[in-house]
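Fold and contact review
Listed below are the residues making up each chain.
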Amino acid sequence: MPSRGASQPSGGCDNRLSGVIPDSLRNCTGLAYAYLNNNSLAGAIPDWLGTLPNLTYLWLNGNSLSGDIPLSLGNLTNLESLKLDQNLLQGNLPVGLSRLPLLEMLSASQNNLDGDIPPGFFNMSLVGDMSLAHNDFGGSLPSYAGTGMKSLEGLFLGGNRLTGLIPATLANASDMTYLSLSDNSFTGRVPQELGTLCLYALEISNNELAATDGAGWEFLDLLTNCSGLRRLSLDNNNFSSRMPISISSLSREILELNLGGNRMSGSIPPGIGNLTALQTLGLESNLLTGTIPDRIGKLKNLTELRLQENKLSGPVPSSIGSLTKMLKLVLSSNMLSGSIPPTLGNLQEMVLLNLSGNKLTGQVPRQLFDLPSLSQAMDLSNNRLEGPLPRDIIRLGNLAFLKLSGNLFNGEIPNQLDSCQSLELLDLDSNLFNGTIPPSLSKLKGLRRLNLTRNRFSGSIPPELGDMSGLQELYLSRNNLKSWGTRPR
């Protein structure tokens, strides 16, 4: 960003400029600030930009510029800030940019750049922010990366094809607060030295990093001393140990903790209830066992809880009903048992509830049908739930997906279901529903899938179902239906 005292002359940023960068600008040899970002400029970056000796800020981000980055930009010895992100640039990153003596910001993310990142970029002493994320860079980072980067605060390399080890020398960039290496192919262990940085965010998800019970978690133990940590994303790696108890000792101000998609075993530490500022907790797709700790109800700021695809057992804690800021609650594909706690009805802001694939029993509490905020999905399928659908279901007027398959629900489908005008998918298959199929279902004009197979419906198929022009999938088999009904004349 420009320094606070720098004047920002009227430029072309955030306008509707289109076409190529005009050749007439090459005569502006005194130009210091070129803000052409967030327009619709196309074509190549002209070579002559590298002949403007006083250029200090060059912002071309947020356009549709294509071709290679001109080698001539490496001649801009007064350049302090270069932003090329969000374009269609391709080819290699010119090594000359790494030799610019005054460069403090370099951003070329979200392009189609490829090849190896020249090693010199990891020894730039004045660069505070470097973002090369979401390109097609390959190769490995040099073993000395970060050694001379005393000013570095943010390093963003996610979304490339980088391989090899994460260099421990990145910890020499002692001012770094944001390190994002996600969505690459890094291997080995996370260097324990990274835990000595006072990071705001560490994002290393979607790699091939490993840790075992014996070694590999030292970085996490050291991060417990970092009071400024707010985001920790370790999901979708090869961490295969018991869940480290040190997780409970992370900063109480941490907002996001993502550990899903690994092979971590053991139980969820009850001390996780200490992380009272947490907004997102993702432990999904691991091998976790034991019960969901009741102290999880202390996470009053939690908006998203993902524990699906583990081996968790025992009841759904009623204390979850204390998490009144919850938006998405996903506990599916575990071995949870007992009844659904009525306290879940306290989650008046929830938009998605998924308890499918467990061993839950009893009737669905009426309080769950009094959640008008539910708009994305309610999935209670593949449990052992029973009883009729209450007429209170009409209160789910904003719900798009209702999945109750594979349970023991019985009785007739309430006629009031046609009040749920937002429904796009209705799965009631593999239950014990009986009676006739209500013609009022045809009033669900947005319904794309209706699945009533494997029940005990009888009588005729309502001809009104043929009026549902948006219906793409209709499943009625394995019932006692006799024929298509006819309309009265």
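Residues numbered from 1 in each chain as written. Predicted model: local features only at pLDDT ≥ 70, side-chain atom pairs only at ≥ 80, totals over all residues. Heavy atoms only, no water.

**Quick look at the sheet that holds strand 25 (residues 335-338)**
Strand pairs in the sheet, formed through backbone hydrogen bonds, run parallel or antiparallel to each other. Our working definition: Two strands pair if DSSP finds at least two bridges between them. Helix numbers and strand numbers start at the N terminus; a helix is a DSSP run of H or I with at least 4 residues, a strand a run of E with at least 2.
If you trace the 8 strands from one edge of the open sheet to the other, you get 23-25-27-29-31-33-35-37, paired in parallel fashion. Whereas interior strands pair on both sides, the edge strands pair on one side only; in this sheet they are strand 23 (313-314) and strand 37 (480-484).

**Overview of the environment of tryptophan 484**
Under the convention used in this document: What makes two residues a contact is simply this: any of their non-hydrogen atoms within 4.5 Å.
Looking at the secondary structure, you find tryptophan 484 in strand 37. Along the primary structure tryptophan 484 and glutamine 416 are separated by 68 residues, whereas in three dimensions their C-alpha atoms are 23 Å apart. For tryptophan 484, the residues in contact, after removing those within four places along its chain, are Ser460, Ile461, Pro462, Pro463, Leu465 and Leu474.

**Considering the packing of aromatic side chains**
Put simply, the rule reads: Stacked, tilted and edge-to-face are the three classes assigned to paired rings of Phe, Tyr and Trp, where Trp is represented by its six-membered ring and a pair needs centres within 6.5 Å; plane angles under 30 degrees give stacked, over 60 edge-to-face, the rest tilted. The buried label applies to any residue whose accessible area, calculated with a 1.4 Å probe on protein chains only, is under 20% of its type's maximum; exposed applies above 50%, and partly exposed to all values in between.
This model, assessed by the stated rule, comprises 11 aromatic pairs. An angle of 20 degrees between the planes, with centres 6.0 Å apart, marks the rings of tryptophan 217 and phenylalanine 219 as stacked. Of the residues examined, tryptophan 217 reaches a relative accessible area of 9% and is grouped as buried. Take phenylalanine 219: its relative accessible area is 1%, and that puts it in the buried class.

**Thoughts on the pairing of strand 15 (residues 185-188)**
The pairing of strand 13 (residues 163-164) with strand 15 spans 2 bridges and is classified as parallel. Bridged to threonine 163 within strand 15 is serine 185. With 2 bridges connecting them, strand 15 and strand 17 (residues 208-211) associate as parallel partners. Paired with threonine 187 across the bridge in strand 17 is glutamate 208.

**A short note on the sheet that holds strand 11 (residues 136-138)**
Ordered in space as 1-3-5-7-9-11, the 6 strands form an open sheet in which the pairing is parallel. In the strand order of this sheet, the two ends are held by strand 1 (18-19) and strand 11, each with one partner. Judged from the 3 bridges that link them, strand 9 (residues 112-116) and strand 11 form a sheet pairing that is parallel. Bridging from a neighbouring strand, glycine 115 pairs with phenylalanine 137 of strand 11.

**What to know about the nonpolar core**
Let me state the cut-off plainly: Buried Ala, Val, Leu, Ile, Met, Phe, Trp, Tyr and Cys residues form a nonpolar core when they are joined through side-chain atoms within 4.5 Å.
In this structure, Leu232, Leu281, Leu305, Ile320, Leu329 and Leu331 are the most contacted members of the largest nonpolar core, which totals 135 residues. Setting aside its immediate chain neighbours within four residues, leucine 281 contacts Leu257, Ile272, Ile296, Leu299, Leu302, Glu304, Leu305 and Arg306.

**Topic: the pattern of salt bridges**
Rules: Salt bridges are counted wherever a side-chain nitrogen of Lys or Arg sits within 4 Å of a carboxyl oxygen of Asp or Glu.
By the definition in use, this model includes 12 salt bridges. Note that aspartate 392 is salt-bridged to arginine 366, the shortest N-O span being 2.8 Å. Residue aspartate 392 is located in the loop between strand 29 (384-387) and strand 30 (401-403), and its partner arginine 366 is located in the loop between strand 27 (359-363) and strand 28 (377-379); the two are separated by 26 residues in the primary sequence. One salt bridge in this structure joins aspartate 418 and lysine 443, with 3.9 Å as the shortest N-O distance. With aspartate 418 in the loop between strand 31 (408-411) and strand 32 (425-427) and lysine 443 in the loop between strand 33 (432-435) and strand 34 (449-451), the pair connects residues that are 25 residues apart, well separated along the chain. Among the charged side chains, a network of salt bridges with common partners joins Arg366, Asp370, Asp392 and Arg395.

**Overview of a positive patch on the surface**
Basically, it comes down to this: Exposure above 30% relative accessible area and no salt bridge define the residues that can form patches, which grow by joining like charges within 9 Å and nonpolar side chains of Val, Leu, Ile, Met, Phe, Trp and Tyr within 5 Å. Using the Shrake-Rupley algorithm and a 1.4 Å probe, accessible areas are obtained, with residue cover drawn only from the displayed protein chains. All tallies of charge rest on Lys and Arg as positive and Asp and Glu as negative; His and the ends of each chain are not included. Just so you know, the charge point we use is NZ for Lys, CZ for Arg, CG for Asp and CD for Glu.
Taken together, the side chains of Arg252, Arg295, Lys298 and Lys300 make up a positively charged region of the molecular surface. Along the chain, lysine 300 turns up in the loop between strand 21 (280-282) and strand 22 (304-306).

**Quick notes on the side chain of asparagine 451**
In plain terms, the rule: Definition of a polar contact: a pair of N or O atoms within 3.5 Å, with one able to donate and the other able to accept a hydrogen when the atoms are protein atoms, and with sequence-neighbouring residues admitted only if both atoms are side-chain atoms.
Assignment of secondary structure puts asparagine 451 in strand 34. Separated by 2.9 Å, the side chains of asparagine 451 and threonine 453 make a polar contact. Setting aside chain neighbours within four positions, we find asparagine 451 in contact with Leu426, Asp427, Leu428, Asp429 and Tyr475.

**Topic: the side chain of serine 107**
For serine 107, the position within the fold is in strand 8 (residues 105-107). Looking at serine 107, its side chain comes within polar contact range of the side chain of aspartate 85, at 2.9 Å.

**Comments concerning the pairing of strand 37**
Counting buried residues along strand 37, only 0 of its 5 residues qualify, which leaves the element largely exposed. Judged from the 4 bridges that link them, strand 35 (residues 456-461) and strand 37 form a sheet pairing that is parallel. Paired with serine 460 across the bridge in strand 37 is serine 483.

**Digging into the confidence of the model for the chain**
Basically, it comes down to this: Per-residue confidence from the predictor is given as pLDDT, running between 0 and 100.
With 97% of its residues at a pLDDT of 70 or more, the chain shows a mean pLDDT of 95. Under a pLDDT of 50 for its full length, residues 1-10 has, in the predicted model, 14 contacts with residues more than four places off or in other chains.

**Notes on the environment of proline 388**
Mapping proline 388 onto the fold places it in the loop between strand 29 and strand 30. Accessibility expressed as a relative area gives 47% for proline 388, which makes it partly exposed. With 218 residues separating them in the primary sequence, proline 388 and leucine 170 have C-alpha atoms 60 Å apart. The residues contacting proline 388, other than those within four sequence positions of it, are Gln363 and Asn410.

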